Amino acid sequence: MMLAYSVLLAAVLVVGAPYWLVRMATSGRYRAGLLGRLGFVPRAVREAVAGRQVVWIHAVSVGEVMAATSLVRELRAALPGWVVAVSTTTATGQKLARERFRDAPVFYLPLDFKFAVRRYLAALRPRMVVLMESELWPRLIQQCEQDGIALAVVNARVSDRSLPRYLWLRKLWRPLLDRVSLYLAQSAENAERLERIGALADRVRVAGNLKYDIRVSGESDLTAMLRKRLPEGSPVLVCGSTLEGEERMLLEAWPHMLAAEPNSVMVLAPRHPDRFAAVWAQVAESGFSCVRASEFLADPTDMHGGSIFLLDTIGDLASMYSLGTAAFVGGSLVAKGGHNPLEPARFGVPVVMGPSFENFREIVAEMRVEDAIRVVSPATLGDTLVALLNDNSEAQAMGERGRRVFEAESGATARTMEALMTLLNERAVNAQ
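These figures come from a predicted structure and were not determined experimentally.

## Here we look at the overall build of the protein chain
Of regular secondary structure, the protein chain possesses 20 helices and 14 strands. Computed over C-alpha atoms, the radius of gyration of the protein chain comes to 23 Å, within 12% of the 22 Å expected from 2.2 N^0.38 for 432 residues, which places it in the range of a compact globule. For the C-alpha atoms alone, the extent of the protein chain along its principal axes is close to 70 × 50 × 45 Å. Across the 432 residues that make up the protein chain, the buried fraction comes to 55%. Taking the intrachain contacts of the protein chain between residues at least 6 apart in sequence as the baseline, contacts between residues at least 24 apart amount to 69%. Here the protein chain displays about 19000 Å² of accessible surface, and carbon together with sulfur accounts for 53% of that area. Treating the 49 positive side-chain charges of the protein chain as one cloud and the 46 negative ones as another, the clouds have centres 9 Å apart.

## Thoughts on the packing of aromatic side chains
One pass over the structure, following the stated rule, counts six aromatic pairs. A ring pair is formed by F113 and F115, whose centres lie 5.8 Å apart and whose planes are at 15°; its orientation type is stacked. Three or more aromatic residues link up through ring pairs in this structure, and these residues are W56, F107 and Y120. Positioned above the aromatic ring of F40, the side-chain terminus of R119 is 4.8 Å from the ring centre. The side chain of R346 reaches across the aromatic face of F347, ending 4.5 Å from its centre.

## What to know about the packing of helix α12 (residues 246-260) against helix α13 (residues 276-286)
The geometry of a pair of packed helices is captured by two quantities: the angle between their axes and the separation between those axes. Where α12 contacts α13, the two axes come as close as 11 Å, and the packing angle between them is 25°. Comparing the axis directions of α12 and α13 gives the class roughly parallel. α13 is crossed by α12, and the crossing has right-handed handedness. Note on element contacts: α13 touches α12 through V279, Q282, V283 and S286, opposite E247, R248 and L251.

## As for the sheet that holds strand β14 (residues 373-375)
Strand order in the open sheet formed by seven strands is β10-β11-β9-β8-β12-β13-β14, with parallel pairing between adjacent strands. Edge positions in the sheet fall to β10 (290-292) and β14, since each has one partner strand and no second. Taking the axes of each pair of neighbouring strands and ignoring which way they run, one obtains an average angle of 20° across the sheet. The pairing of strand β12 (residues 326-329) with strand β13 (residues 351-353) spans three bridges and is parallel. Looking at the pairing, V329 lines up with M353 of β13.

## A look at unusual backbone geometry
One non-glycine residue, N155, lies in the positive phi region at around 55°. Along the chain, N155 falls in strand β5 (residues 150-156). Overall, N155 belongs to the buried group, its relative accessible area being 1%. The phi torsion at D371 lies on the positive side, around 55°, for a residue other than glycine. Tracing the backbone shows D371 in the loop between α17 (361-369) and β14. Note on D371: relative accessible area 33%, which makes it partly exposed.

## Things to note about the sheet that holds strand β6 (residues 182-185)
Judged by pairing direction, the sheet is parallel, and its seven strands sit side by side in the order β3-β2-β1-β4-β5-β6-β7 without closing on themselves. Both outer strands of the open sheet, β3 (106-108) and β7 (204-206), are each paired with one neighbouring strand and no more. This sheet shows a mean twist of 20° between the axes of neighbouring strands, independent of strand direction. Pairing between β6 and β7: three bridges, direction parallel. Bridged to A185 within β7 is V206.

## Concerning the environment of E343
Considering the arrangement of structural elements, one finds E343 in helix α16 (residues 342-345). Relative accessible area serves as the criterion here: at 18%, E343 is assigned to the buried category. If we ignore the near neighbours within four places in the chain, the residues touching E343 are A318 and Y321.

## Examining the nonpolar core
One broad trend across soluble globular proteins is that nonpolar side chains are buried collectively. I57 and V154 are the most contacted members of the largest nonpolar core, which totals 41 residues. At the level of secondary structure, the elements contributing two or more residues to this core comprise β1 (54-58), α4 (62-78), β2 (83-88), α5 (91-100), β4 (128-132), β5, β6 and α20 (412-431). When residues of this core are assigned to their parent elements, the largest contribution, eight residues, is made by α4. By size, the runner-up hydrophobic cluster in this structure holds 38 residues, among which are V83, V117, L131 and I141.

## Remarks on the pattern of salt bridges
A full pass over the atoms with the stated rule returns 20 salt bridges. Residues E133 and R157 are paired through a salt bridge, measuring 3.1 Å at the closest nitrogen-oxygen approach. Within this pair, whereas E133 is found in the loop between β4 and α7 (138-146), its partner R157 is found in the loop between β5 and α8 (163-168), the two being separated by 24 residues in sequence. Judged by its relative accessible area of 3%, E133 falls in the buried class. The partly exposed category is assigned to R157, whose relative accessible area is 23%. A salt bridge links D160 to R361, with the nearest nitrogen and oxygen atoms 2.4 Å apart. Separated by 201 residues along the polypeptide, D160 in the loop between β5 and α8 and R361 in helix α17 bring together distant segments of the chain. The class of R361 is partly exposed, set by a relative accessible area of 28%. Sharing partners across several salt bridges, the network here consists of D160, E189, R193 and R361.

What counts as what
- Residues numbered from 1 in each chain as written.
- Predicted model: local features only at pLDDT ≥ 70, side-chain atom pairs only at ≥ 80, totals over all residues.
- Heavy atoms only, no water.
- Helix = DSSP H or I, 4+ residues; strand = E, 2+ residues; numbered from the N terminus.
- Rg over C-alpha atoms; globule rule 2.2 N^0.38 Å.
- Buried < 20%, exposed > 50% of the residue type's maximum accessible area, 1.4 Å probe, protein only.
- Contact = heavy atoms within 4.5 Å.
- Areas by Shrake-Rupley, 256 points an atom, 1.4 Å probe, with all protein chains shown as cover.
- Lys, Arg positive; Asp, Glu negative; His and termini not counted.
- Charge placed at Lys NZ, Arg CZ, Asp CG, Glu CD.
- Phe/Tyr/Trp six-rings, centres within 6.5 Å; stacked < 30°, edge-to-face > 60°.
- Lys NZ or Arg CZ within 6 Å of the ring centre and 35° of its normal.
- Axes fitted to C-alpha atoms, helices over the stretch in contact; angles between N-to-C directions.
- Parallel < 35°, antiparallel > 145°, perpendicular 65-115°, else oblique.
- Left-handed = near helix turned anticlockwise from the far one by under 90°.
- Pairing = 2+ DSSP bridges.
- Core = buried A, V, L, I, M, F, W, Y, C linked by side-chain atoms within 4.5 Å.
- Salt bridge = Lys/Arg side-chain N within 4 Å of Asp/Glu carboxyl O.

Here you go:
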């Protein structure tokens, strides 16, 4: 099966080669880490792990890097003298990981070929590999099992979109899933799905969602700068992690909001950096005054009522939510499953989402029970936001209810750490 998998993976790369060559020629981010992905371990990584015990954490992109931050910190505290190495798949995840883990080796995940995976495992010699969320790479799983390396999938989830594919290929996946030492699921629903697709029930536990433990240590420099430049007393709408189609809906609703609150300011944060320029052009075409965060950092200017602040930087959104009078959480007015509503809720900011929130179904359900979120359609988006911007007392009360939900959901990091340390200790005893 692994031979067939390798042949298929190689065929996909060959067929897609013309596309990737064009993208590499036109975009530096597609060239980033190419040698590392092919199995050439960077010298800095080799030097950082030489003679030391290692835990390797893989976090695919920005969201997973943020979720892993507390876990990395706790692992370092619990394992003094060890190295916690971090890999990512995307360039944006790599950039954020290097910023957050400045004294840790950070590198790109190698392609899932035997030669590339074995080079990294030979260089790092990890005692444990930790995969975030749904990063199930067959060759890496097999090689860890063959080398006797503990392998854990933490913050594990199986999305609505992925579940049918996993079930269809269950007979192929099960032998691989049996090789994973431990699954720490985000929720009971995800634990049940893991078992349905073939994970051994005695290796599946519910630890909670690490993203609910995200704590912003303080205001980012950009957030502090913007706070000083906002009109006094102006309502601020923070629109985070927006996807294509949602910016248009927000811009169409913006005049309605300004008619009710002319001093309002919107912070608009597209989810994907490769869309920053397109969204900038879209805002400019709409006729609204717009300030780009990347330019604001170099030359801060006062914001005015009705203007839009385009957040075209990485890693600032979590802190930026603290400025909000209300927040819209994106990926939800289009069928993409939504993003984390607890990011603004932790600051007591009332949250609005669209009807697509499958990725956070359980927490949205709990917030709805507590009347701590508004779920809207494109048609009701504007009126709902106007009501929150107008009625400060209701917005504050709703935000406070959301904050209480956030506090009640914390603790996943502690549960995950307990399980990982138990796994490490069991492996150490067995090795004696």
